[in-house]
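Secondary and tertiary structure notes
One letter stands for each residue in the lines below.
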Amino acid sequence: MFNSLSDRLAATFKNLKGKGRLSEADIDATAREIRRALLDADVAVPVVREFISHIKERALGEEVSQALNPGQQVVKIVNEELVAILGGETRRLNLAKNPPTVIMLVGLQGAGKTTLAGKLSKHLKEQGHTPMLVAADLQRPNAVKQLQVNGERAGVPVYAPHPGVSSEFEDATGDPVQVARDGVAEAKAKYNDIVIVDTAGRLGMDAELMQQAANIRAAVQPDEVLFVLDAMIGQDAVATAQAFNEGVGFTGVVLSKLDGDARGGAALSVRSVTGKPVMFASTGENLSDFEVFHPDRMASRILDMGDVMSLIEQA
Amino acid sequence: AKSNSIFGKGLLALLSTDNITDDVWDEVEETLLLADLGTEPTMELVDNLRERVTVEGSRDPQQVKAMLHEELVKMVDPTMDRRLDASRKDGRPAVMMVVGVNGVGKTTTVGKIGRVLVAEDRHVVFGAADTFRAAAAEQLATWGARVGVDTVRSFEDGADPASVAFEAVKTGIEQEADVVIVDTAGRLQNKANLMDELGKIKRVIEKQAAVDEVLLVLDATTGQNGLAQAKVFAEVVNITGIALTKLDGTAKGGIVVAIQRELGVPVKLVGLGEGPDDLAPFNAEGFVEALLD
Ligand SMILES: Nc1nc2c(ncn2[C@@H]2O[C@H](COP(=O)(O)OP(=O)(O)OP(=O)(O)O)[C@@H](O)[C@H]2O)c(=O)[nH]1
Ligand SMILES: Nc1nc2c(ncn2[C@@H]2O[C@H](COP(=O)(O)OP(=O)(O)OP(=O)(O)O)[C@@H](O)[C@H]2O)c(=O)[nH]1
Ligand SMILES: [Mg+2]
Ligand SMILES: [Mg+2]
């Protein structure tokens, strides 16, 4: 039994060694293992299918390398393609010509939006900006308080005219769309140059809440809508990313909880399906656990490429 | 995930052709993979099914369809004991801990379980042993207020979670409560220090009362990492059941099949929404139906 990709590829390499060129059979054998590895890393089935067929095509047309055996050569191609897809069009945050810049956060329940709001505000503040947070999740119990605490920790003001659901206020009061709109006006009045709007978690299939998110977007005309996605997500990544992209529309992706040991194949799925760039990585529970996304690291992570690359070097 | 089919027909439509081709098997495989069942259980299932079809010489589509359903139900194992341990024993309350990685729905599930137990006229106490995340104790207290349960908490940021858990169980014993439910902070299973802290919370509780139930909360959107989560949490605090949350979305939660098989820990509850009543007992048949849907 071979469990890891490197084990299985090692076996494949053994069979392939010594052959001078990439035959269709060589490519098929390696592609099967790569497919399995991608699925184990939670890359979505349709994305794997497309990716593998593209790899096969490219590998067939490829000049035979002198330095690598055919299996290695396919792996190298896979790595290059992964980095290309994950890294295509990386860019910085779009800032408004006339401040404030408005950044809206959206995503599934528990993805890490409220935490990210704190992180992003801290990061931007350290770059000399004067961000303000807006508490437009009036639904999840104590979401407003959670954002206020994060704002305090980041040293950033929080616009929170409604307490949302809390033990004193059983039912949600206030309208998230209005709060978001007023928040932007407040930031303008107070000369905050960036507004970060935290919204409630919602399911892709929840038409009503998706409409609410679209209404918030329409009300505040954000410069960026960041879709926060948990790196542990499995096959549902595609349906969810599509639903948010169609329902609200987002401009960039933040992959959260990358400090875990999930392989994070969702990065590839969301990128392939929506074409939107992964911009940031959220890597912990503290407000400083936040980085720019690194496509090359993500590619090795998805493919377990650390092992595979060292294997290639050994060979 | 409605239109999984590469042919736009759907699994069952394909199975209803009376020629079982490779395309059909690919389709079966994809359906299972798309439900997050994982490559190993999927390949095993497909192999078993292929063998059965050969051995039984089956060409009847209805039969194949039934076989797939049957094999899956067998894997999910409807015979497991899925009851929650929530009654007083040895003159003390039952003690339940709720654990899991970040954001899966632990606090919400504690609230919902409280609701069910209160409806059964049980006296419940919540313990807010998440002293780390911003407003975590407030969130649990809100749930407590919502469902009619008192919450034992600390007002100090970053207080020792084990002490809060200890206090909660102590309160439960003093009040002769039926159940004490301890909510814990989300933690990723690869963080050794946080897992140690969880082990400590349990040990400290056990100075007063055994922990009868340790529920691992698992988000249905979780992919293959779910197995790693379950393994590590099982090692550290010996989980006795799984609550599979967010099944109201499009995710199927197929990873629990592998978890149950490898660890023998049953899924006991499913979360079906954000409201207090959105909790249900796990039902193997229903789960399999949804998985193949
Ligand atoms: N380890 C880790 N935990 C994270 C990260 N980002 C967020 N979290 C944790 O994940 C949990 C959920 O985060 P929130 O920020 O509340 O998520 P949310 O998307 O606002 O959730 P809802 O508002 O309920 O939809 C909390 O326990 C956070 O501390 C991360 O990058 N790494
Ligand atoms: N749709 C849906 N949302 C859920 C379900 N259970 C919990 N949620 C939502 O998921 C988000 C996170 O829930 P929490 O209960 O705070 O999760 P947690 O595991 O306690 O999070 P941390 O303590 O931060 O690790 C909240 O927005 C909940 O309302 C469910 O079954 N369905
Ligand atoms: Mg939030
Ligand atoms: Mg919690």
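This one's a predicted model, so the numbers in the text were calculated from it and none came from an experiment. (Residues numbered from 1 in each chain as written. Chains lettered and ligands numbered in written order. Predicted model: local features only at pLDDT ≥ 70, side-chain atom pairs only at ≥ 80, totals over all residues. Heavy atoms only, no water.)

**Comments concerning the environment of A189 of chain A**
As a reminder, the rule being used: By definition, any uninterrupted DSSP run of H or I lasting at least four residues is a helix, any uninterrupted run of E lasting at least two residues is a strand, and each is numbered from the N terminus.
Position of A189 of chain A relative to the elements: it lies in helix α7 (residues 176-190). In the structure, A189 of chain A is positioned 89 residues away from P100 of chain A in sequence and 10.0 Å away in space, judged by C-alpha atoms.

**Focus on the nonpolar core**
Residue and element names in this part refer to chain A. Quick note on the threshold: Throughout this description, the term nonpolar core refers to a set of buried Ala, Val, Leu, Ile, Met, Phe, Trp, Tyr and Cys residues connected via side-chain atoms within 4.5 Å. Residue burial is assigned from relative accessible area. The probe radius is 1.4 Å, only protein chains are included, and a residue is buried under 20% of its type maximum, exposed over 50%, and partly exposed in between. Residues count as neighbours in contact if any of their non-hydrogen atoms are within 4.5 Å of one another.
Within the largest apolar cluster, 94 residues are counted, with the highest numbers of intra-cluster contacts made by L38, I103, I196, F227 and L255. Considering every element that reaches this core, the biggest residue donor is helix α3 (residues 45-61), with seven residues. Those residues within four positions of F227 in sequence are excluded, and the remaining contacts are V106, G107, T240, A241, F244, F250, G252, V253, V254 and V270.

**Let's talk about the side chain of T107 of chain B**
Mapped onto the elements of the fold, T107 of chain B is located in helix α5 (residues 106-119). When residues no more than four places from it in sequence are discounted, the contact partners of T107 of chain B are Q139, L140, W143 and D183 of chain B.

**Side note on the site of ligand 1**
All names here are of chain A. Note the cut-off: For each residue, the test is whether any non-hydrogen atom lies within 4 Å of the molecule or strand; if one does, the residue is near. Pairs of N or O atoms are called polar contacts if they sit within 3.5 Å, as long as, within protein, a hydrogen donor faces a hydrogen acceptor (for residues adjacent in sequence, only side-chain-to-side-chain pairs). Accessible areas in this description were obtained via Shrake-Rupley with a 1.4 Å probe; residue shielding takes into account the shown protein chains only. Residues are grouped as follows: Ala, Val, Leu, Ile, Met, Phe, Trp, Tyr, Cys and Pro are nonpolar; Asp, Glu, Lys and Arg are charged; all remaining types, including Gly, are polar.
Lining the immediate environment of ligand 1, one finds 23 residues, of which G112, K113, T114, T115 and R140 sit closest. Within the side chain of R140, one N or O atom sits 2.4 Å away from an oxygen atom of ligand 1. Taking 650 Å² as the accessible area of ligand 1 by itself, protein coverage stands at 96%. With four residues, helix α5 (residues 113-126) is the single largest residue contributor to the shell around ligand 1. Residues of the shell around ligand 1, tallied by class, amount to three nonpolar, 12 polar and eight charged.

**Digging into the packing of aromatic side chains**
What counts, and what does not: The criterion for an aromatic pair is that two Phe, Tyr or Trp rings (for Trp, the six-membered ring) have centres within 6.5 Å, with stacked assigned to planes under 30 degrees apart, edge-to-face to planes over 60 apart and tilted to the rest. For a Lys NZ or an Arg CZ to count as sitting over a ring, it must be within 6 Å of the ring centre and within 35 degrees of the ring normal.
Scanning the model with the defined rule gives four aromatic pairs over all chains in all. Between F282 of chain B and F287 of chain B, the aromatic rings sit 5.2 Å apart at their centres with planes inclined by 50 degrees, giving tilted as the arrangement. What makes F282 of chain B buried here is its relative accessible area of 8%. Take F287 of chain B: its relative accessible area is 6%, and that puts it in the buried class. Site record: aromatic cluster; members linked through ring pairs are F227, F244 and F250 of chain A. Over the ring of F250 of chain A we find K276 of chain A, and its NZ or CZ is 5.4 Å from the ring centre.

**Comments concerning the confidence of the model for chain B**
All names here are of chain B. This is how the line gets drawn: Summary of the metric used: pLDDT quantifies the predictor's per-residue confidence within the range 0 to 100.
Looking at chain B as a whole, its pLDDT mean stands at 92, while 92% of the residues score no less than 70. Below pLDDT 50 for its whole length, residues 1-8 participates in 13 contacts with residues either more than four positions away or in separate chains. Our summary of model confidence lists the complex with pTM equal to 0.94 and ipTM equal to 0.94.

**Comments concerning the interface of chain B and chain A**
Convention followed: Put simply, buried area is the surface a 1.4 Å probe can reach on two separate parts but cannot reach once they are joined, added for both. A pairing counts as a salt bridge when a side-chain nitrogen of Lys or Arg comes within 4 Å of a carboxyl oxygen of Asp or Glu.
Taken together, the contact between chain B and chain A spans 42 residues of the former and 43 residues of the latter. Interface area, chain B with chain A, both sides summed: about 3700 Å², of which 51% is carbon and sulfur. Counting across the interface, chain B meets chain A through six salt bridges. Those elements that place two or more of their residues in the side of chain B that touches chain A are α2 (22-34), α3 (39-55), α6 (136-147) and α9 (225-237) of chain B. The dominant element in the side of chain B that touches chain A, judged by the number of residues it contributes, is α6 of chain B, at seven residues. Its residues placed into classes, the side of chain B that touches chain A shows 14 nonpolar, 16 polar and 12 charged.

**Quick word on the site of ligand 2**
As a matter of local geometry, ligand 2 sits amid 22 residues, with G105, K106, T107, T108 and E274 of chain B nearest to it. Site remark: ligand 2 is flanked by residues from chains A and B. The side chain of K112 of chain B places a nitrogen or oxygen atom 3.4 Å from an oxygen atom of ligand 2. G271 of chain B has a polar backbone atom sitting 3.4 Å from an oxygen atom of ligand 2. Relative to its unbound accessible area of 650 Å², ligand 2 is 96% covered by the protein chains.

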